[in-house]
Amino acid sequence: ESHRSSKAIHYLALAKAFSIATNRHMLRNNVDDLRERMRLLQHDRRANIDLLETNKVSNEKEIRRLKEENEKLRLKMSDLQKRVELDHGSNHFDLKSMKN
């Protein structure tokens with residue numbers, strides 16, 4: 001019977017060692033998986049930042065273009081308003097009233 005109990009103890013020790021090895025392997029796989037996920041997330045984050053920067057530059061250019069266009073249109077409108085005022089003299093024709 002002592003032989004049986006030593007065999008049982010031996011099997012229990014093997015089972016425990018196998019369990020520990022399996023847990024270590026699973027833990028190592030989980031860590032590797034998390035590292036890969038982190039690497040992919042960092043890559044995605046960098047790509048998103050690059051895209052946002054590109055959009056920002058593009059938007060800034062468009063804003064500058066629209067401001068320049070707006071200024072040109074204001075100058076044209078001012079010029080037209082002055083011409084109308086000169087053409088109508090005392091009639092006090094006002095382009096601003098045409099906006100409404």
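Scroll up to find the structure.
The structure contained in this document is the topic of the report that follows. (Residues numbered from 1 in each chain as written. Predicted model: local features only at pLDDT ≥ 70, side-chain atom pairs only at ≥ 80, totals over all residues. Heavy atoms only, no water.)

## Regarding the overall build of the protein
Counting its regular elements, the protein contains two helices and zero strands. The proportion of buried residues among the 100 residues of the protein is 3%. (Helix = DSSP H or I, 4+ residues; strand = E, 2+ residues; numbered from the N terminus. Buried < 20%, exposed > 50% of the residue type's maximum accessible area, 1.4 Å probe, protein only.)

## With respect to the pattern of salt bridges
Scanning all chains against the criterion turns up six salt bridges. Close ionic contact of arginine 37 with aspartate 33 constitutes a salt bridge, the shortest N to O distance being 3.3 Å. Here aspartate 33 and arginine 37 lie together in helix H1 (residues 2-88), a separation of four residues that amounts to about one turn. On the accessibility criterion, aspartate 33 (36% relative accessible area) is partly exposed. Aspartate 79 is paired through a salt bridge with arginine 83; the nearest N and O atoms lie 3.0 Å apart. Taken together, the positions of aspartate 79 and arginine 83, both in helix H1 and four residues apart, correspond to about one turn of that helix. (Salt bridge = Lys/Arg side-chain N within 4 Å of Asp/Glu carboxyl O.)

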